[in-house]
Amino acid sequence: MSMTIAHMSRRFGATEVLRGIDLTVARGELVALLGPSGSGKTTLLKIIAGLDWPDAGTLEVNGEDWLPKRAQERRIGFVFQHYALFAHMTVAENIAFGLTVLPRATRPSPRQIADKVQELLGFLQIPQLAGRYPAELSGGQRQRVALGRAMAISPQLLLLDEPFGALDAQVRRDLRRWLREVLVQAGTTTVFVTHDQEEAFELADRVVVMGAGRIEQTGSPEEIHDHPASPFVARFLGMTVELPVTLRAGRAEAPGIDASALARVAMADGAATLFLRPSDITPVPDPEGRFTIRTIASTGAMLRLLLTDGAGGTEVEIEIPRRLAPAGLAEGGHVRLRPEAGRLFARTEPLSQSAAGAFATAHDPDAGRQTALSKEFTR
Amino acid sequence: MSTTGTSAPGALAPRPRRGVERALIGLALVLTAGFVLVPLLYIFARAFGAGWGAFAHNVLDPGTLHAIGLTALVAVIVVPVNMAFGIAAAWAIARFRFPGRKALLTLIEIPFSISPIIAGICYLLLYGRNGLVGPWLMALDLKVLFALPGIVLVTLFVTAPFVMREVLPLMQAQGSEQEEAAVTLGASGWQIFRRVTLPNIRWALLYGAVLCGARAVGEFGAVSVVSGMIRGQTMTLPLQIELLFNDLNIVGAFAAAAVLTLLALVVLVLKAAMEARRR
């Protein structure tokens, strides 16, 4: 099953939820729609399922126009965020539902349905739950039942809305690996929605990052992690430290910052912003360093440092493994910053964070305007 | 006595003021007994005061028997109609956003807030000889007032909100996700209603139907206006009780009242059982 979405848009009243989505999903692919809440990812999923319709655009599956088709005719498996299990039916009845509502002519015999349910219960490793009611199950068990119910109809396409949204952290991590195995084994083309990048990266072959109704970037987990295409994606993927720098011959320069570990970039000289993850910055103790260590907090494995820039008062947060922390880090001490990896975007608009803005004006009179390298963005 | 339900407080908890507690509980008991229990027991005392024979004789009186039959017939018509209406209204309000949705909700609840006698008079004016549709009905030789249709209509009016009021909050709390799930699994509209929607609301629906039935059986004000109180024809049980009372047939009145009260008590037990099931 392959799916092509083109120029799709959807508005609710005055709010544009989708603004021109173009997306192709290949047969057997496992695709994550990743974005913050309100980015339109769930709406897109519902449109694919036939639970909502766009205002413009096309949706084709195997070359066939799907928009005139009702949800009942699309044969998709939809797993809802809160599972939406039928509360008055047992686990086995829930899984059998999609088969028992088939027209008499195409409906399998009760015996065949029972066999299929048994097979799925075994596949999902929950045969002991067949006679239980949803209220008697844990969150992780409910998710398996919901998945089984969706897979029972042999869907052409499996859609999952925040598959781990209703689970606690430990169960989440365990189920993630399990779900990936199940989906790969089943071989069904799958699209799932999540706001958790770790989830998206671990599960998906390809990640589609959405923001404010648009697709910001599409790529493999590694591509997106290492090369976010826009400041929006960079921020969303945890590059929360934004340092104003000046580009000279493809290298970022700023007082107190040693950017020699970063590769040269093919960008014009001028003002730029360096986006960094707190864990990609090494603090180097230096009595002449521009940054002062305000606080050091330990989470056990990690040290979290809050730094302030002596001149502007900018705050920078750094996270380093405690056992790799250089000697001589102490509250009140001075450091230089050594970014190990980061992303540069040329600047044309005001920096959105006021603290960063203050830092910028402290040493760069031209700062204050910033632009995305590949895409314009507004915030 | 004060620590039922939750676990008892630890040993160091301050001592409750037993005196105040006991006074309040005693007051509640006295009031309940005085206002509710004693009058209720009195009905049975008077009904059975002259012995079982007299009670049976009075209940088996043709007029009272007919009244019991008519009341049952009205309830049997009204309850299913209101169940269908209640489900439809609750479904429309819970699942759709349309202009006038709030107004519809308020409109359906009007019978709760206005006096039943006003409902009776409205129907009288509407369907009466000089009313809006009365002459037209007379031309067609359809008898609404002072007959079964009139009694059924006002009872429908008075009991309209009961089922909707019970079903709507449940439907709103459950949301439409289970129904959407059924859609994606290929179920048709009727299959979704019968296999997903209805089972989910069944206890609330039955509870609403029980309340609706209790009210249909006990309604006096509205029915008294439109029934015309024709002996042996349009007397429902509450009307019959008043008639017997006015005829100074005190034992007969209390016997009929005892039957109605028993019906109400049965409803009360059903209601309690259903509330337990709903949790």
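Under an unreviewed UniProt entry, the name given to chain B is Sulfate ABC transporter permease, and the organism recorded is Paenirhodobacter enshiensis.

Caption draft 1: Representation of the overall build of chain A. In terms of helices and strands, chain A carries 10 helices and 19 strands. Looking at chain A as a whole, 41% of its 379 residues qualify as buried. In chain A, the proportion of contacts linking residues at least 24 apart, taken out of those at least 6 apart, comes to 66%.

Caption draft 2: Focus on the environment of B:G186. Considering the arrangement of structural elements, one finds B:G186 in the loop between α9 (177–184) and α10 (189–218). Classification of B:G186 as buried rests on a count of 22 C-beta atoms within 10 Å. When neighbours within four sequence positions are excluded, B:G186 is seen to be in contact with A:Q72, A:G98, A:V101, A:L102 and A:I153.

Caption draft 3: Here's a closer look at the domain arrangement of chain B. Residue and element names in this part refer to chain B. Taken domain by domain, chain B holds domain 1 (19–49) and domain 2 (62–278). Put simply, the middle of domain 1 and the middle of domain 2, counted by C-alpha atoms, are 30 Å apart. Tallying the contact residues gives 5 residues for domain 1 and 5 residues for domain 2. Of the residues assigned to the side of domain 1 that touches domain 2, the class counts are 4 nonpolar, no polar and 1 charged.

Caption draft 4: Main features of the environment of B:A84. Residues and elements named next belong to chain B. Relative to the elements of secondary structure, A84 occurs in helix α3 (residues 62–95). The exposure class assigned to A84 is exposed, which follows from the 11 C-beta atoms found within 10 Å. Separated by 79 residues in sequence, A84 and V163 place their C-alpha atoms 8.8 Å apart.

Caption draft 5: The domain arrangement of chain A, seen in detail. Residue and element names in this part refer to chain A. When the domains of chain A are assigned, the result is domain 1 (3–226) and domain 2 (232–363). The centre of domain 1, based on its C-alpha atoms, is set 40 Å off from the matching centre of domain 2. In this assembly, 8 residues from domain 1 lie in contact with 4 residues from domain 2. Its residues placed into classes, the side of domain 1 that touches domain 2 shows 3 nonpolar, 4 polar and 1 charged.

Caption draft 6: Highlighting the UniProt feature "transmembrane region" (unreviewed entry) in chain B. Residues and elements named next belong to chain B. Under the UniProt annotation, the feature "transmembrane region" (unreviewed entry) is placed at residues 24–45, 65–92, 104–126, 146–164, 204–230 and 250–270. Helix makes up 100% of residues 24–45 and strand makes up 0%, while its end C-alpha atoms are separated by 30 Å. Annotated as residues 250–270, this span is 100% helix and 0% strand, and its ends, taken at the C-alpha atoms, are 30 Å apart.

Caption draft 7: Representation of unusual backbone geometry within the structure. Residues and elements named next belong to chain A. The phi dihedral of Q125 is positive, around 60°, even though this residue is not glycine. On the secondary structure map, Q125 appears in the loop between α4 (110–123) and α5 (139–151). Owing to 11 C-beta atoms within 10 Å, Q125 belongs among the exposed residues under this scheme. Of note in this structure, E162 is not a glycine but carries a positive phi near 40°. For E162, a count of 21 C-beta atoms within 10 Å translates into the label buried.

Caption draft 8: View of the packing of α9(B) against α10(B). Residue and element names in this part refer to chain B. At a minimum axis separation of 10 Å, α9 and α10 run at an interaxial angle of 160°. Looking at the two axes, α9 sits roughly antiparallel to α10. Pair α9 / α10 crosses with right-handed handedness. Contact with α9, carried on its side by Q178, E179, A182 and V183, involves I192, V196, T197 and N200 of α10 and no other residues of that element. Per-class residue counts for the contact of α9 with α10 are 4 nonpolar, 3 polar and 1 charged.

Caption draft 9: Quick look at the interface of chain B and chain A. Between chain B and chain A, the residue contacts involve 14 residues of the former and 17 residues of the latter. Elements with a minimum of two residues in the side of chain B that touches chain A: α9 and α10 of chain B. Broken down by element, the residue count for the side of chain B that touches chain A peaks at 6 residues, all from α9(B). Taken together, the residues of the side of chain B that touches chain A sort by class into 6 nonpolar, 6 polar and 2 charged.

Caption draft 10: A look at the sheet that holds strand β14 (residues 281–285) of chain A. Residues and elements named next belong to chain A. An order of β14-β18-β15-β16-β17 is seen for the 5 strands of this open sheet, with the pairing classed as antiparallel. A strand with exactly one partner marks an edge of an open sheet, and here the two such strands are β14 and β17 (315–321). Taken over all neighbouring pairs, the strand axes of this sheet differ in orientation by 40° on average, direction set aside. Here strand β16 (residues 302–309) pairs with β17 via 7 bridges, running antiparallel. Looking across to β17, one finds that L305 is bridged to I318.

Caption draft 11: Molecular detail of the sheet that holds strand β11 (residues 241–248) of chain A. Residue and element names in this part refer to chain A. Read across the open sheet, the 4 strands follow the order β12-β11-β13-β19; overall the sheet is antiparallel. Looking along the sheet, the strands with just one partner apiece sit at the ends: β12 (251–253) and β19 (343–346). Geometrically, the sheet is characterised by an average inter-axis angle of 45° between neighbouring strands, direction not taken into account.

Caption draft 12: Structural context of the nonpolar core. If you look at the biggest cluster of nonpolar residues, it comprises 101 residues, and the most contacted ones within it are A:A32, A:L33, A:L159 and A:V208. At 6 residues, the largest contribution of residues to this core is made by helix α3 (residues 91–100) of chain A. Once residues within four sequence positions are removed from consideration, A:V208 is found in contact with A:L23, A:V31, A:A32, A:L33, A:L34, A:I215 and A:T218. Counting 59 residues, the second-largest nonpolar core is a separate cluster that includes B:V74, B:V167, B:L211 and B:A257.

Caption draft 13: Region of the structure containing the environment of B:G221. Residue and element names in this part refer to chain B. Counting through the fold element by element, G221 comes out in helix α11 (residues 221–227). The class of G221 is partly exposed, set by 16 C-beta atoms lying within 10 Å. G221 sits 63 residues away from V158 along the chain, and the two C-alpha atoms are 9.9 Å apart. Dropping the residues within four chain positions of it, G221 is found in contact with S115, P116, I117 and G120.

Caption draft 14: Structural view of helix α8 (residues 161–174) of chain B. Residue and element names in this part refer to chain B. When the terminal C-alpha atoms of α8 are compared, their 20 Å separation across 14 residues agrees well with the 20 Å that a helix rising 1.5 Å per residue should span. Residues P161, F162, V163, M164, R165, E166, V167, L168 and M171 constitute the buried set of α8. In this structure, the buried residues of α8 make contact with α3, α4 (101–113), α7 (148–159) and α10. A positive backbone phi angle near 70° is found at G175, which sits one or two residues after α8.

Conventions used here
Residues numbered from 1 in each chain as written. Chains lettered and ligands numbered in written order. Predicted model: local features only at pLDDT ≥ 70, side-chain atom pairs only at ≥ 80, totals over all residues. Helix = DSSP H or I, 4+ residues; strand = E, 2+ residues; numbered from the N terminus. Buried ≥ 20, exposed ≤ 12 C-beta atoms within 10 Å, placed from the backbone. Contact = placed C-beta atoms within 7 Å. Domains from an automatic or database assignment. Nonpolar A, V, L, I, M, F, W, Y, C, P; charged D, E, K, R; others polar. UniProt positions renumbered as here; feature names shortened; annotations may be inferred. Axes fitted to C-alpha atoms, helices over the stretch in contact; angles between N-to-C directions. Parallel < 35°, antiparallel > 145°, perpendicular 65-115°, else oblique. Left-handed = near helix turned anticlockwise from the far one by under 90°. Pairing = 2+ DSSP bridges. Core = buried A, V, L, I, M, F, W, Y, C linked by C-beta atoms within 7 Å. Expected span 1.5 Å × (residues − 1).

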